[in-house]
Each structure stands twice: as structure tokens, then as C-alpha cells.
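Spelled out, the chains give:
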Amino acid sequence: MSLLFTVVEIERIDLVCEVNNTDHHTLQNSVDRLIVRRGQPFTITLHLRPGTHFQNGDNINFIAQTGPMPSVVAQTKAKFSLSRFISRSSWSATAETSDSTVSLTVCSHPNAPIGVYKLILDQGERIGLGEFVLLFNPWCKQDSVYLASEAEMEEYVLSQDGLIYRGIPKRITVLPWTFGQFEPGILDICLQILDESPNYISDAALDCSERRNPVYVTRVLSAMINSLDDKGVLVGNWSDDHEDGVKPTVWKDSCSILQQWSNDGCRAVRYGQCWVFAAVACTVSRALGIPCRVVTNYGSARDSNGDLVMERFYNEFDENIANDSIWNFHVWVENWMTRPDLALGYEGWQASDPTPQRRSEGVFCCGPAPVRAIKEGELTFKYDIPFVYAEVNADVVEYIKLRDGRVFKMGGSTTEVGKSISTKAVGRDEREDITHNYKYPEGSEEERRVYEKANHHNKLAQAGEEPGFHIKIKVTPDMQIGSDFDVYAELKNNTMVTKSCRVMFYAQAVSYNGKLGETCGLGNCLIVSYVSGSKVTLRLEYAEYSKAINQDRMIKLVALLIDAETRDFYRAKKTIILDGPEIIVNILGVPKVGQNLVADLALQNPLPEPLENCVFTIHGANLTDGKPITHEVGTVGPKEFVTAKVQFTPKLPGQRKILIDFASDKLHNVETYENLKQGK
């Protein structure tokens, strides 16, 4: 094709797919389509028309964009120009020229959203240079899915087949599975899954932007591999009736499932069970460049009420009548990535489960949950750690329920759940036991310590509370200027140990713009032992705060809590506004144009001292001739009522507001209003 540029004419564009795809470990996808990984350069060749020249300059610019609404702010659109060197931390480009060709090297940002991109040359006139698919890059150190081991990348990204473990711990069976992530058309189907998600349908621009984050993509896949809530890939069926579909045990590869889903207009494929859901999720993850492996947990608990305890109730015929259940085995996947949304140390393998067992944030999905957080019982981290923790480490308690309703405890176990957690070994057709990644040895002090911590965190979460040491300021509803009142600092010890602490609680005047004034209340420093539920009271007295506050009537409360042992500081703060007195308004007369009305006003002095220079003011458009009407009432004694009658005359018909203000030497900004509708 011939494309005319301001500076140069191009006869042909060669995306050099075979060379680039080889360098980017995507050659198995295709040799006739450019598929590259982020943060790694690729080269395309521009063949020039005879007699034309490519000249480096400021007018040579490029645009790379993805999604239906590309945006620089959303990082779905990048603008960059030619530079002398390639940068691996941003979009960049260099060019080498000869008599008839230009070798153009482009590198994407290592955090760019994955997806189908258009590359455009912009010289005032925009010319398309072609399309490419951008994937996550485990070979790039700046990419959040970077995996250091070449052998692990071969296994968890490039390998198209694997082994899935089923059975029971004493007789583990092996199911060979073809993932087939590089088979023709599979990558397009994987991208189609993202485009069919409710996230994309509701806000395509935001969804495409979020595709830079493997945490987000993994969570979308967990929801989309099952068909609940969306146009997902697989329908789950744990019954013996599969006449209108395929038995889950028949499937041996992911490709037939994905192709059937796509060819049938994204109609869910019937049927799957846990290992099928996991295998398809592994295929899609690897296709998009996220390292992934299939994991089997034996004695897998399904905690229905979230208490980390599997309560088995049996009747007299030994039938389990409880909602909690323990599966002989359950299969999910792990994806490798960093977790910048969490504390350091929780990167690495993240458990994700596409089998629809429970809702997470309103959707049937699960994970990604950091495996280390599961091992350490850190149930407050994202995502769904309590559920996965129970799957591998819940305690079991057994009861028998008699016909007369009596219930007796029969026994229990702390070791029945979470056995022989397995995955395929790297580079070998052998089982690797990774139970130690999920839990400390059963019965060990560490395992019991973690269980107690997890149980503690779980109870706090169910109560809507956070673990740790906390302080919170509480106030009363009656905080009117002129009165004395109490405010409180509530202390909570949501740790598992007794604490001693020091508390400082003080009040300080503050203006609306944040400027601090004088201190107007100071609580004593206290030593408090076992502080859960303790309360420190600060009395705010008018005699003190009246000297400090201004007309804004604002007071800033600050409570400092100091752990006596660790010297850690905790702070709570709250700004309060003291209520002013209410102006009682009664409009006398019928609102009509040209007819006098009277505002009958009353107010009680809330202060324990007189108010001097008291003035009522009223104002309203087309009510008071464009200027305020004032009424001086002089001095008002402590707690006394002051009244006034102010006359005004509506000038035009329609609805208006009459604004009423009261001011004095000690009390300002007391306002109210009334709505009036004047007839002609």
C-alpha cells in the first residue's frame, strides 16, 4: 500500500512478526500477527518509496492506543516521539535508516494495559502502522508478573499441558490436561472473555485502564470462568444429570470449552466442576502472560457461615445434616504477581478460585488471595482470605442431633482439613506437595498460633471492626453554645494481649480555614490497663471555650493514645460546631404585592451572661427594597428571650426567601429563613 506523509512516503510496512514473536515468547501463537509483551522492545520495518527519505525530527511522533475510548489519563493512550535510546520504563521509540528502509524500534510501558493496540505515526497527518497485541511479561523485571526462574516461566507460562490431581490423600489420581493457550484463536477468545465481563460492559474505559493490573485481571477471570452473574464460560453441575451437556469428567482440554463458548455466541458451556473451572482459568491466565498453576487441596472445607469451624451435625442414622461440608478434594489456581495494594512480603503466589461457591463483593468469584497471608492468618487482607483460609485450615467439630432435639458433641479434629496440597512439579511429571506454603505443620505451636490469630481477625471482621489498637472520639447531640458538655475518647484493644496506654485528650478553637486558636480543654494523661471498651471523658466548659472560639463556633478535638510498651502513637480527631440558638419566625399577614407583612421574631439567649448590642436583620429580594432592614433590641439577659417585629413589603409576585439574622457582641452567625409566595 502507498501512504503519503508530510515528510516521507511509505510503500510497505513489515511488522516482522516471526522475529518479534520469537523474542517475546509468543511465536507459538502465530507467525503472521504481532504479539508482544510489555516493557520489551520490538522492531518493525518501514519500506520507503524510491527517492524519499526518512528524517528524524520533532515532527516524528507516535500514538499507541487500546480500547474503545483511548485516554492518556487512563493510560490506554500513549503519545511519544523518537529518541536516541529506548527507555524500558515508558513508551519510547528509536529509528535506524538506510536508503530505502527505516527500522523502527518501539518499547511499551511495563505497566501498560494489556489488549489489542493500534500504532499510529503522527506527522500532522495520522497514518496507521498496524495493530499488535500486548501481553503481561514475566520476563521483564519492571512488570508486576516478573518471574526470575527460566524453568518456572517455561512451566507456568509456556507449557501447554500439565497434570491435575484428584482422588484422596491416600490414593491421589492424576488427570493429564491440555491447556493449549497458544492454539489458534485461543488468545482472541481470552481477550473476548475480558470484553464480555460486566465491568467492561458497564464502563469500558475504566475496565481497559484497569487491565494494566494483574490483580484486577485475575479477579475478572475468576468471575468470568463461571457463568453466574455474567456471560461466563462454564456452568457448574454437581448432580448426576448431565443429559443436556457434557459430563465434567469427559473434558480433557481447555480449548474445546473456550471454542464452544465463543462459537455459541458466549453461551455458557455445560458442564464443569472445580478442576475444569481451574484448568480453563489456567489456560486464560497463561495466554495473557500471567504465570499460573493448578492446585489441589485435599479435605477442602466449605465454610458456610464464615466462623472458620466446620460444624458437622449428624442424625441417628449418621447422615450429615449440616450446611458446612468438606470436599474430598477441591481445585483452584495460583497466579504469580506483586501486590502493591498490600504490605511488602505478600507478593508471589496468589490463590484464585473460579468455581462459584460464594459471592465476593457481590460477584461469584474468589481471590486473588496471597498464599503467605493465608499461612499467617492475615484475614484482613484482600481478597477472600477468610474463605480460602477455612478451606485449608478450619477446625472440625462433630455433633449428633437426636429426634427429640437434644444435641451432643461427639468429637472433632484440628488436622482433617487441608491435606497434601498439590501441584505439578516444575519440569517434571511429578506431584509437588505445597501444603507448607498454606499452613504451618499441623498441631505445631505456629499452626495453632496462626489459627487463634485468624479466628480473632475473623470475629473482628464479622463485627465490622479492625484488628489492632484504636481510639475514636464520640460526642453528644447537645452541644449548644453557652452550655457545658462532655466529649469522649473511646479506646478499643482489638489485639490478643492486654495493653497499657497513656491518653491525652484536648480541645482547641479552630476557624473554618483550619487555622488553630487557643486550647479550651485538656484531659488528664491517664494510664489505662486492658483498655478494650474504656472511655476517657473531657469536659468542655463555656467559661473556658468562650474565650477561645470565634464566630465560626468550631472546636477541634484531638485524642492521642500511646502504647506504654511499644511507644506507638495513635490519633483520633474530630471538629465540632457548637449549635447556635434557634430564631423563631412567624410571618403575620397575607403575602401579596404591595401589602405590608410583619416578621414576628423571637430568640432565647443561650449564654450564662448578657448579650450586648443585639440586632435582628431581615433581607430578601423584592421584599426589602434591595437592602437589609435592621431592628436593634439592645441588651438581653442570661437565658432571657428577646423579641422583635419587623415590617416589610413584597414588591413582585412569586416565591421568595426572607433571610433573618441575629448578631450581638458575643453571638454571631445565627441565621434562618422562611419561604414566601406572594400573590398579585
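Values in this document were obtained by computation on a predicted structure and should not be read as measured data.

Cut-offs and rules
- Residues numbered from 1 in each chain as written.
- Predicted model: local features only at pLDDT ≥ 70, side-chain atom pairs only at ≥ 80, totals over all residues.
- Heavy atoms only, no water.
- Helix = DSSP H or I, 4+ residues; strand = E, 2+ residues; numbered from the N terminus.
- Buried < 20%, exposed > 50% of the residue type's maximum accessible area, 1.4 Å probe, protein only.
- Areas by Shrake-Rupley, 256 points an atom, 1.4 Å probe, with all protein chains shown as cover.
- Lys, Arg positive; Asp, Glu negative; His and termini not counted.
- Charge placed at Lys NZ, Arg CZ, Asp CG, Glu CD.
- Pairing = 2+ DSSP bridges.
- Axes fitted to C-alpha atoms, helices over the stretch in contact; angles between N-to-C directions.
- UniProt positions renumbered as here; feature names shortened; annotations may be inferred.
- Contact = heavy atoms within 4.5 Å.
- Parallel < 35°, antiparallel > 145°, perpendicular 65-115°, else oblique.
- Salt bridge = Lys/Arg side-chain N within 4 Å of Asp/Glu carboxyl O.
- Polar contact = N/O pair within 3.5 Å; in protein donor to acceptor, adjacent residues only side chain to side chain.
- Domains from an automatic or database assignment.
- Phe/Tyr/Trp six-rings, centres within 6.5 Å; stacked < 30°, edge-to-face > 60°.
- Lys NZ or Arg CZ within 6 Å of the ring centre and 35° of its normal.

**Points about the overall build of the protein chain**
Working step 1: Across its full length, the protein chain holds 13 helices and 40 strands.
Working step 2: The C-alpha extent of the protein chain, read off along each of the three principal axes, is 95 × 90 × 55 Å.
Working step 3: Of all 680 residues assigned to the protein chain, the portion counted as buried reaches 50%.
Working step 4: When the accessible surface of the protein chain is totalled, it reaches about 31,300 Å², and 48% of it is carbon and sulfur.
Working step 5: For the protein chain, the separation between the mean place of its 71 positive charges and that of its 87 negative charges on side chains is 3 Å.

**Side note on the sheet that holds strand 31 (residues 534-540)**
Working step 1: Spatially, the three strands line up as an open sheet ordered 26-27-31, and their pairing is antiparallel. Two strands in the sheet have a free side with no partner beyond their single neighbour: strand 26 (468-475) and strand 31. The sheet shows a mean angle of 20 degrees between the axes of neighbouring strands, direction not considered.
Working step 2: Of the pairings in the sheet, the one linking strand 27 (residues 485-494) to strand 31 comprises seven bridges and is antiparallel in character. Each residue of the ladder has a partner; that of Ala 489, found in strand 31, is Val 536.

**Re unusual backbone geometry**
Working step 1: Here the bond from Arg 270 into Tyr 271 is cis, since omega is 10 degrees, no more than 30 degrees from zero.
Working step 2: With respect to the helices and strands, the residue Tyr 271 is situated in strand 14 (residues 269-272).
Working step 3: Pro 368 follows Gly 367 through a cis peptide bond whose omega is 0 degrees.
Working step 4: For Pro 368, the location among the structural elements is in the loop between strand 20 (363-364) and strand 21 (369-370).
Working step 5: Phi at Val 16 takes a positive value of approximately 50 degrees, unusual for a residue other than glycine.
Working step 6: Here Val 16 shows up in the loop between strand 2 (9-14) and helix 1 (17-23).
Working step 7: Positive phi is not limited to glycine here, since Asp 384 has a value of about 60 degrees.

**Topic: the UniProt feature "binding site: Ca(2+)" (unreviewed entry) in the protein chain**
Working step 1: Under the local residue numbering, the UniProt record ascribes the feature "binding site: Ca(2+)" (unreviewed entry) to Asn 393, Asp 395, Glu 442 and Glu 447. In terms of the greatest pairwise C-alpha distance, the residues named above, spread along 55 residues, form a tight cluster of at most 11.6 Å across.
Working step 2: Its place among the elements puts Asn 393 in helix 10 (residues 385-393).
Working step 3: Residues in contact with Asn 393, not counting those within four places in the same chain, are Val 417, Lys 439, Glu 442, Glu 447 and Tyr 451.
Working step 4: By the element assignment, Glu 447 lies in helix 12 (residues 445-462).
Working step 5: When residues no more than four places from it in sequence are discounted, the contact partners of Glu 447 are Asn 393, Thr 414, Tyr 440, Pro 441 and Glu 442.

**Concerning the packing of helix 3 (residues 186-195) against helix 8 (residues 274-288)**
Angle between the axes and distance between the axes: these two values describe a pair of packed helices.
Working step 1: Close contact between helix 3 and helix 8 brings their axes to 9 Å; oriented N to C, the two are set at 100 degrees. In terms of orientation, helix 3 and helix 8 fall into the roughly perpendicular class. Taking contact as the criterion, the partners of Ile 186, Leu 187, Cys 190, Leu 191, Ile 193 and Leu 194 in helix 3 are, on helix 8, Thr 283, Val 284, Ala 287 and Leu 288.

**A look at the side chain of Ser 254**
Working step 1: Counting through the fold element by element, Ser 254 comes out in the loop between strand 13 (234-236) and helix 7 (255-263).
Working step 2: For Ser 254, a relative accessible area of 0% translates into the label buried.
Working step 3: Residues within four places of Ser 254 in sequence aside, it is in contact with Trp 177, Thr 178, Phe 179, Ala 279, Val 280 and Thr 283.

**Quick notes on the side chain of Lys 375**
Working step 1: With respect to the element layout, Lys 375 can be found in helix 9 (residues 371-376).
Working step 2: Glu 376 is the oppositely charged side chain nearest to the buried, salt-bridge-free Lys 375, at an N-O distance of 5.7 Å.
Working step 3: Of note is the side chain of Lys 375, whose polar atom sits 2.9 Å from the backbone oxygen of His 436.
Working step 4: Apart from the residues lying within four places of it in its own chain, the contact partners of Lys 375 are His 436, Asn 437, Tyr 438, Lys 439, Tyr 440 and Val 450.

**Concerning the pattern of salt bridges**
Working step 1: Evaluation of the coordinates by the stated rule reveals 24 salt bridges.
Working step 2: Among the salt bridges present, the one from Glu 155 reaches Lys 424, with a minimum N-O distance of 3.1 Å. In this pair, Glu 155 is assigned in helix 2 (residues 150-158) and Lys 424 in strand 24 (residues 419-424), connecting sequence segments 269 residues apart. Comparing Glu 155 with Lys 424, the two get one shared label, buried.
Working step 3: Among the ionic pairs, Lys 439 bridges to Glu 442, the shortest N-O distance being 2.3 Å.
Working step 4: Accessibility expressed as a relative area gives 4% for Lys 439, which makes it buried.

**Some points on the domain arrangement of the protein chain**
Working step 1: Considered domain by domain, the protein chain is made up of domain 1 (10-135), domain 2 (150-454), domain 3 (469-577) and domain 4 (583-678).
Working step 2: The distance between the C-alpha centroids of domain 2 and domain 4 comes to 69 Å.

**Considering helix 6 (residues 214-224)**
Working step 1: With eleven of its eleven residues buried, helix 6 lies for the most part within the structure.
Working step 2: Where helix 6 begins, one side-chain oxygen reaches toward the backbone nitrogen of Val 215, 2.9 Å away; that side chain belongs to Asn 213.

**Observations regarding the sheet that holds strand 34 (residues 584-588)**
Working step 1: In space, the three strands of this open sheet follow the order 34-35-38, with antiparallel pairing throughout. Strands with a single pairing partner mark the edges of an open sheet, and in this sheet they are strand 34 and strand 38 (641-648). The sheet shows a mean angle of 15 degrees between the axes of neighbouring strands, direction not considered.
Working step 2: Strand direction decides the pairing type here: strand 35 (residues 597-604) and strand 38, joined by eight bridges, are antiparallel. Within strand 38, the residue paired with Ala 599 across the bridge is Val 646.

**Digging into the packing of aromatic side chains**
Working step 1: Summed over the entire model, instances satisfying the criterion amount to 17 aromatic pairs.
Working step 2: A centroid spacing of 5.0 Å and a plane angle of 90 degrees characterise the contact between Tyr 156 and Trp 349, whose relative ring orientation is edge-to-face. Of the two residues, Tyr 156 is situated in helix 2 and Trp 349 in strand 18 (residues 348-352); the sequence distance between them amounts to 193 residues.
Working step 3: Taken together, the aromatic side chains of Phe 42, Phe 62, Phe 80, Trp 91, Tyr 117 and Phe 132 make up a single cluster linked through ring pairs.
Working step 4: If you follow Arg 166 out to its NZ or CZ, it ends over the ring of Trp 275, 4.7 Å from the centre.
Working step 5: A cation over a ring is seen here: Lys 375 above Tyr 440, with NZ or CZ 4.6 Å from the ring centre.

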